[in-house]
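# Report on the structure
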Amino acid sequence: MTKRMAKWVSWGFLCLVLLVFPRVFGIYYSNVFVAFAIFAVYSLTLNMLLGYTGLLSFGHAMFFGTGAYTTAIALDRISGMPLLPVVLAGFVASVVLALILCPIVVRVGGTAFAMLHLAFGQLMYVLALKLRFLTGGEDGVGGFPIPAFSIPGIISVDMTNPLNFFYFAIAVLGLSTWILWFFTKTPIGSIMIGIRDNPQRVEYMGFRVTHTKAIIYCLAAGFAGITGSIYALFQNLISAEDGYNIMVSFGPIMATIVGGVGSFSGPIFGSAIFSIIEELTSRYTERVELVMGLILIGVILYAPMGFMGVMGLLKQRWLAARKVKLEGAK
Amino acid sequence: MDSTTAMYVAQGIHGLAYGMILFLVASGLTMIFGMMGILNLAHAAFFMLSAYFSYQALAMTGNYWIALLAAPLATAVVGVLVERFLLRKVHAFGHVGELLLTVGVSLVILDAVKAFWGTESLYVDLPESLKGLIHVGGLEYPVYRLFVIGLALVVLFIMAFLLYRTRLGMVVRAAVSDADMVNALGINVPLVFMLVFGIGTWMAGVAGVAIAPILTVFPGLADQMGMDAFLVVVTGGFGSLSGAFIISLVFGELSSYGVQFISALAPVLMFVLMAIILVIKPTGLFGERE
Amino acid sequence: MRTGRKILVVFAIFSLLLMLNLPKALAANAKYDAAGLPDMSDFDPSNPIIPTGDTIKIAIVASFSGPAAIVGEIYFISVQWAAHDINKRGGILVDGKRKKIQVIRADTQSKPAVAKKVCERMILKEHVNVLWGTNGSHIMKVINQVAKKYGVIAQCAAALSDELYDARNFTRYSFMTSFQTNQIGRAAAYYYGQIRKKEKKFYILCQDYLFGHSMAEGFKEGLKLYYPQAQLVGEDYHKLFLTDFAPYLTKIKASGAEVVYTGDWIPDAANLLVQARQAGIKLPFANIFLDEPNFLHKVGVEGTKGLLNISQFGAPNPLFKNDLQIKFYKAWNDLWKTKWKAPFNTYLFKHPLGNIGSYMFQTYWLLSVIERAGSLDPEKIIKQWEGDSYEYISGKVMTMRPVDHKAIQDLHAFEYVPPAEQKQSFNIPPYSYFTGCSNTGPISTIPAEKIMPKLDPKLKR
């Protein structure tokens, strides 16, 4: 009972921190936080595939970019689009793309899965550059109107205000995180892990591996689309470079590995680490690549289990040390 | 030959030349992948590094031929060191780790290149004997591009000889299909891996030297070539040398005739071909492994 | 008696002209004070003296890392030079206080998202007064958006796309002091149709994105206007950072073109030229970026002969018309020869001319506007800058069109000739710009009224 209480208290505390965050740290760090939150949730969607289902994708940016472009183009072309439907449109567009790819990609696993995504991801990148009438080519789609968050007759909140947008983005991303987390606790979530560890066995147990894979795939794609959508609103701009570039696909993989693959919150910690590093490097050095490269090499050489793994290890040691101490006291 | 025919023939040779360079890069990539299961994302960085080495060698000795020999070798040495001291250590942690490690290596190489040579474009000059044009029946063609085709063919034959006519090649081919079994036979598989990695980076190095006089040597050199080479490997089939060879040439020709006839769509053609092949066969043209 | 009369006549004519408001050159609101040039010998771009504290802050928003990092260095040395010069004169009096100029490097890594973040940091954390940018119109668009959002002045000194200041993207906080894509295209066409009148067959080869397309569009418009007899024998758009130009070159060769017009920038421009010469194609190229001396050297004297460069830092020949110009030039060139270290010791930085000169004097203009506005209040700066005109050290006059904040200016077409013939332009020893490549010889002026910046009719202010 007390454990449950502690859980609610800590959730309440987190909400309170988020509520006062912009007041305490100001607009700039609020924006940094939103950028981090977008990246973190985007990494979570990748981890649904990589960490839970064992599917490594080199083209996850496809869904991020599609969500972002859908939102941006909808706002750009159709006047008077309301806020929530455009975010939903980002979700739907990415799911549709995932459904199109499903028949091809769920048949394979391992490296072929990764490479197919690399290939299709690059195809989307080139298309985004080439279809200039739609995507604005290299320059992207930008400067579109940001609609207010409104429930007719009740409220209307201006979203060009960074403070309001902060709460909106955090609410949407928080809700997405909760849904993803909840999903891992459902029976289908357990099948996911089963697929990762032993697909044959799952098959023998009577579950349809391919279908389950497809569902998870579409879900991960859809939520990646939502993060893309929020990103487009946040930046008021989406370009091929920020939406479909290969680095947008690698980013969450790195965050997941650095944070710790296989745990739900690993990617969040990974994203936080990257956000902090980025914040520091952009201020104190122009050697961004060197710092990132060395960190990657270091993590993989010395801490391949990632941040969560290291924390787990430290906790174990601490427990062991305490045990020894306790026994010594006896 | 009238001028129109000459134009079409020239486009064909352009495609061949570009395809050959592409093959040099892609073959190393696909070989390392086929053998070690490592998708070497630093491969293009090695290609760029070699271009810089050739610039340096030329600046120091003034002799293109020395640069041509030394730069790929130096690149291969770096490759071997990376394999021995970094990749081998993380082999146990699986492919994702190796992959991210190669990303890290490529970032470090990129930064090292900028620290040593700056970010300006550097220029590698051709030796006199390779400058100029060859005139054959109304066709004018630059000597150097023909030289590049020849160079790639030589490398190709050396590789084919090594793989199919030597004991080492036999071991390599065996290790590709079943590394554990070869290990059990008492052959030092890690050493073979190191050699293969070295040869792969050496080939990327040769491509880097070959392209340096055609292109400016600058830190973005790796991006374009790296992506094209990946597409070749994906489309041709993972680990398949013959697939890489065929697709490289097809891509080369597609890009030159594409520019000739449907210029606006030229860059998309490769992707369209790739998408078609992958939809039919997700493992690529000649790929069997997953 | 006679001298007195002469003076009187001259004065009469002068006043008449002033009344007609024709000679813009004589009527600039302000000009660069060359006589006041301080001792610049302590200027070192590798170890710049940058004041801190209560200063006028200019953020150079550019690529300082990534493949295009050298671009950031070019901007930095140019802007820092202007800042150093003004700082040694004691700074600028604003809002009742003399302040020095602090130049801050803001690295975009050539990525829009990073650019947005770094701009916000510059405004919210560093409290900069001006965002100065940049390579890539998509990045400049971000800068302008942020400038508008937070009400901070932005200067577009290096992104050349007209679209940045059309009805949709215009913001009154941003000023475009560079030349523009459409204008450049028309200028090249004007040169070939109205001045040179020789070649008739043109081929357009540009990069396949907004910038390349609007460069080409301008050239086509210009041909219609100023050179109806000309024939466009081909038009191609290639992807950025192309590895192999050979297929395009073969097409160009077969088309019978006499001039290739291209909007490519380095490294594409360099690769295009190098590969063309390797393939035995000796055609002239018309461009704005084919002036990077390191690659001109690579192609050599023969290969670079006949190139045409449209410049935003030109003036009629010769280059040096008075001692102050020579003094200014030497202040830079002597330091380059003796003191600067890598990357500032290559040919690229030899002369304070071309793009470097232009970035430098665009900055001087900005500083002069702030000085005359007497305030760092953006509203006062906007009021001062709109309709303002400023004369560079070369005598070139810039005028800021109030309606859409684009600079009105003459452009100049530089025809490249071997070193021996460069004396007509470079009229002090050693009488050539470089010895290893062709460079500016004859210079033709393309008058501003023929190439007025494109004005979006939908822009209502």
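Residues numbered from 1 in each chain as written. Chains lettered and ligands numbered in written order. Predicted model: local features only at pLDDT ≥ 70, side-chain atom pairs only at ≥ 80, totals over all residues. Heavy atoms only, no water.

Right, let's get into the overall build of chain B. If you tally the helices and strands in chain B, you get eleven helices and two strands. Here the C-alpha radius of gyration of chain B, 19 Å, is about what a compact globule of 290 residues would show, namely 19 Å. Principal-axis analysis of the C-alpha atoms gives chain B an extent of 65 × 50 × 35 Å. With 290 residues in all, chain B has 61% of them scored as buried. In chain B, the share of contacts with a sequence separation of at least 24, taken over all contacts with a separation of at least 6, comes to 76%. Per element, the accessible surface of chain B, about 10700 Å² overall, is 71% carbon and sulfur. (Helix = DSSP H or I, 4+ residues; strand = E, 2+ residues; numbered from the N terminus. Rg over C-alpha atoms; globule rule 2.2 N^0.38 Å. Buried < 20%, exposed > 50% of the residue type's maximum accessible area, 1.4 Å probe, protein only. Contact = heavy atoms within 4.5 Å. Areas by Shrake-Rupley, 256 points an atom, 1.4 Å probe, with all protein chains shown as cover.)

In this section: the overall build of chain A. Broken down by element type, chain A carries 14 helices and four strands. In terms of overall size, chain A behaves like a compact globule, its C-alpha atoms giving a radius of gyration of 21 Å where 330 residues would be expected to give roughly 20 Å. The C-alpha extent of chain A, read off along each of the three principal axes, is 75 × 50 × 45 Å. Per-residue burial over chain A gives 54% buried out of 330 residues. By sequence separation, contacts in chain A at least 24 residues apart represent 76% of the contacts at least 6 residues apart. For chain A, the accessible surface area stands at approximately 15000 Å², while carbon and sulfur atoms represent 71% of it. Taken as two groups, the 21 positive and 13 negative side-chain charges of chain A have centres that lie 18 Å from each other. (Lys, Arg positive; Asp, Glu negative; His and termini not counted. Charge placed at Lys NZ, Arg CZ, Asp CG, Glu CD.)

Moving on, we get to the interface of chain C and chain A. On the side of chain A, 31 residues touch chain C, which itself brings 29 residues to the contact. A per-residue breakdown of the area chain C buries against chain A is headed by Lys-116, Lys-117 and Arg-121 of chain C, which together make up 22% of the total. Taken together, the links from chain C to chain A amount to four salt bridges. Residues Lys-117 of chain C and Glu-279 of chain A are paired through a salt bridge, measuring 2.8 Å at the closest nitrogen-oxygen approach. Along the contact surface separating chain C from chain A lie ten residue pairs in polar contact (both at pLDDT 80 or more). For the side of chain C that touches chain A, the secondary structure elements donating two or more residues are strand E5 (101–107), helix H3 (112–124), helix H4 (137–150) and helix H6 (210–226) of chain C. Here the residues of the side of chain C that touches chain A sort into nine nonpolar, seven polar and 13 charged. (Buried area = accessible area lost by both parts, 1.4 Å probe. Salt bridge = Lys/Arg side-chain N within 4 Å of Asp/Glu carboxyl O. Polar contact = N/O pair within 3.5 Å; in protein donor to acceptor, adjacent residues only side chain to side chain. Nonpolar A, V, L, I, M, F, W, Y, C, P; charged D, E, K, R; others polar.)

Attention now moves to the confidence of the model for chain B. Predicted coordinates in regions of low pLDDT should not be interpreted in detail. For chain B, per-residue confidence averages 87 on the pLDDT scale, and residues scoring 70 or more make up 99% of the total. When mean pLDDT is compared element by element in chain B, helix H2 (residues 43–61) of chain B scores highest at 94, while helix H7 (residues 179–184) of chain B scores lowest at 79. (pLDDT = per-residue confidence, 0-100.)

Moving on: the interface of chain B and chain A. Taken together, the 36 residues of chain B in the interface contact 34 residues of chain A. Buried area between chain B and chain A, summed over both chains or domains, comes out near 3200 Å², and the portion from carbon and sulfur atoms is 84%. In this assembly, chain B and chain A are joined by two salt bridges. The interface formed by chain B and chain A holds three residue pairs in polar contact (both at pLDDT 80 or more) in total. Of all the secondary-structure elements, those providing two or more residues to the side of chain B that touches chain A are helix H3 (64–90), helix H4 (95–117), helix H9 (221–236) and helix H11 (266–280) of chain B. The greatest single-element share of the side of chain B that touches chain A, amounting to 14 residues, is contributed by H4 of chain B.

On to helix H10 (residues 323–338) of chain C. Residues and elements named next belong to chain C. Given a rise of 1.5 Å per residue, 16 residues ought to cover 22 Å, and the 22 Å separating the end C-alpha atoms of H10 matches this to within 8%. On its buried face, H10 sits against helix H2 (69–88) and helix H11 (354–373). A side-chain oxygen of the first residue of H10 lies 3.1 Å from the backbone nitrogen of Leu-324; this N-cap is Asn-322. (Expected span 1.5 Å × (residues − 1).)

Our focus in this paragraph is the sheet that holds strand E11 (residues 259–262) of chain C. Residue and element names in this part refer to chain C. Read from one edge to the other, the open sheet built from seven strands follows the order E10-E9-E11-E12-E13-E17-E18, with strand pairing classed as mixed. Looking at which strands have only one partner, the edges of the open sheet turn out to be strand E10 (231–238) and strand E18 (439–446). Adjacent strand axes in the sheet meet at a mean angle of 20°, parallel and antiparallel pairs treated alike. Its contacts with the sheet put helix H8 (residues 268–278) on strand E9 (201–207), E10, E11 and strand E12 (285–287), and the angle it makes with E12 is roughly 175°. (Pairing = 2+ DSSP bridges. Axes fitted to C-alpha atoms, helices over the stretch in contact; angles between N-to-C directions.)

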